[in-house]
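Coordinate inspection notes
Here's the letter readout for the chains.
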Amino acid sequence: MADVTMLEGSTATMDELAGDASRLLLTESTTRAPGPSVEDISRSLQRFNWPDYVVFVLMLISCMVIGVFFGYKDHQKHKRQKHARRGSEALDYLVGGRKMKIIPVSVSLVASWISGISLLGTSTEIYVYGVQYCYIVSAVVLMGLMMNYIFLPVFHDLQITSAYEYLQMRFDKRMRLVGSILFTLASILWLPIVIYVPALAFNQVSGVNIHVITPIVCLVCIFYTSLGGLKAVVWTDVIQTGIMVGAMIIVIVKGTADVGGLSVVIERNSAGGRFEGPDFNLDPTARNTFWTLLIGGTFFWTSTNSINQNMMQRYLSLPSLGSARKALVLFLVGTTTLLAMCCYNGLLIFAMYHDCDPLSTGLAKAKDQLVPLLVMEVLGEYPGLAGLFVAGIFSAALSSLSTALNSLSAIVLEDFCKPFVSKPLTETQTRYIMRFTVLAFGALAVMMVIVVEKMGAVLQLSMSLGPVTLGPLFGLFLMGFFFPRINGSCAILGTTAGLLLMSYIVIRSQISIALKEIVFAEKPVTVEGCLYEFTPKNGTLFEADSTPGEKSLHHVSFLYYTMIGSVVPTIVGYLASFVLPRSKTDDIDPLLLAPFLRRFYRAQDTKANHMTEVLHEFETKDIQL
């Protein structure tokens, strides 16, 4: 879901703009000397041969083998442990028995965050809009500090499996259900996009129909996720991340050499206006400024890491808070490194096509296809290397998909089943519920790819819906962590206000984009160096006004969506606590509050700062405050 918002501003929002807004197309391109057509060039670049397919298939087989291995290993373990504690099946499947290792979990966190959308979308962002987005690293640092000192201590002390169990502990069952529903809806909208984007890239390099490749890849993912659980997900993430990083390094090194070296990349991007310092413009409607990236980006990154089941489930699989903090540090280093590689890849694309923009000529039919185009240009003549990169893109997608499916199985079991059954579930029932959930949501994602492909407007809207649910959901946790006086009723009022407001902002902004009321200025490109025949995109060339008309709330930068969606519910909930009956702070368990607030709200029955609680259905933990 992290990738969806970033890509909204690059791929989805701009594809509807006739004439590609501020692109400088040269009219003499239509009268150049006869030569190969753009269709001929496109076909010549589809050099995806049998060695590439072999590499791609080997990646899928390795994932299946890992799933079989861990599934068999856990099966044998449960056969030997005839008197295992109730819930041990869920404990192993969902959080790896809370005995996972730091390094593989860290790699899995990076792989879960960096999906195929990130690999393609971040590079496209830099090519089209310049390096301003790179300053998002400031938000990453702030996110790491808040995770380390606020969110990780609370969740690890509670030892929960579903992050939304917290909402029941802090408020009531209603809020747990609300949180789980919001997360599930966001995941359903996000999953088909995660699958569709790399399938589109695969179609660009091989010509294979996306409806042939997506079911195959999804079946493999469903197979190893349902069979091996979190352990299989984490260890396949390790392999997939290795493929992804290795493929990117090969493309970067070979591509840089092809254009003439690093100095040429820097020179061409400088001449093309891609390099720029931080923009300190205070206008909240500006697309990317230092402040939107720092403030809005911090809310976005923190929400998608701290209260997102996909991410938190990995931290909770580690045996201690110290281990989780070490994994967080490695995650920050890995994510920042990969983001830097994606940003450089965008600069490399411009250096390669600095005098012949493939979007203007139609060589790349969508912005998402710029990276695959570069790959085939650089690696197409080397058997297997293009397949390695495509395998890397799909590895990122598989990682995100498997993570989401495993997290959804936790949500369905812990939040939609256990609270509503009169008798505790048996191990067999638990096993079937978790695996059927993976199968059902995986199949739904495959079917929704058809909807995503056929209905472009729906795709554009769905890629903006993340903050609609993510913002109010993050607001719920902010209310719980920082405002003890807010109870469940106040939280419901705040969440409802946030959902209504964000629905208005997102839908209204998409309408404005479709009507060209919102236009983002792109960096200049040219086609004067093209050596093939093409028809300029949309024929008529014009310069778009990036600030048309009077601005209102829905013109605010998409990076502020999560902040607005979380701050507004918190304010409404806090104000409602002065009207509605508020919580008695003495009744609130200090473990449910941010660590720095616990000293002010100690429960009356706390004896010598020592508490023993049944924290989860299948384990009891002794906790020192």
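Per an unreviewed UniProt entry, the recorded name for the chain is Sodium/solute symporter, and the organism is Anopheles arabiensis. Regarding the chain, the UniProt comment filed under Subcellular location (unreviewed entry) reads as follows: "Cell membrane".

Judged by nonpolar contacts, the single largest core of 167 residues is most densely connected at F56, F155, Y166 and F331. If one sorts the elements of this core by residue count, helix α14 (residues 321-352) sits on top with 17 residues. Apart from the residues lying within four places of it in its own chain, the contact partners of F331 are S106, L109, V110, W113, M143, N305, M311 and Y315.

Our focus in this paragraph is the packing of aromatic side chains. Tallying each qualifying case throughout the model produces 18 aromatic pairs. Both rings, one in F290 and one in W291, keep their centres 5.1 Å apart while their planes meet at 80 degrees; by these two values the pair is edge-to-face. Among the aromatic side chains, those forming a connected cluster through ring pairs are F151, F155, Y164, Y166, F183, F299, F474, F477, F481, F482 and F596. One residue, R485, lies across the ring of Y574, its end atom 5.7 Å from the ring centre. The ring of F578 has R485 lying over it, and the distance from NZ or CZ to the ring centre is 4.0 Å.

Together, L493, V567, I571, Y574, L575, F578, V579 and L580 give the surface a local cluster of nonpolar side chains, amounting to about 730 Å² of exposed area. Per-element tally for the nonpolar patch: the top contributor is helix α22 (residues 561-576), with 4 residues. Of note, I571 is situated in helix α22.

Thresholds applied
Residues numbered from 1 in each chain as written. Predicted model: local features only at pLDDT ≥ 70, side-chain atom pairs only at ≥ 80, totals over all residues. Heavy atoms only, no water. UniProt positions renumbered as here; feature names shortened; annotations may be inferred. Core = buried A, V, L, I, M, F, W, Y, C linked by side-chain atoms within 4.5 Å. Buried < 20%, exposed > 50% of the residue type's maximum accessible area, 1.4 Å probe, protein only. Helix = DSSP H or I, 4+ residues; strand = E, 2+ residues; numbered from the N terminus. Contact = heavy atoms within 4.5 Å. Phe/Tyr/Trp six-rings, centres within 6.5 Å; stacked < 30°, edge-to-face > 60°. Lys NZ or Arg CZ within 6 Å of the ring centre and 35° of its normal. Patch = residues over 30% accessible without salt bridge, like charges linked within 9 Å, V, L, I, M, F, W, Y side chains within 5 Å. Areas by Shrake-Rupley, 256 points an atom, 1.4 Å probe, with all protein chains shown as cover. Salt bridge = Lys/Arg side-chain N within 4 Å of Asp/Glu carboxyl O.

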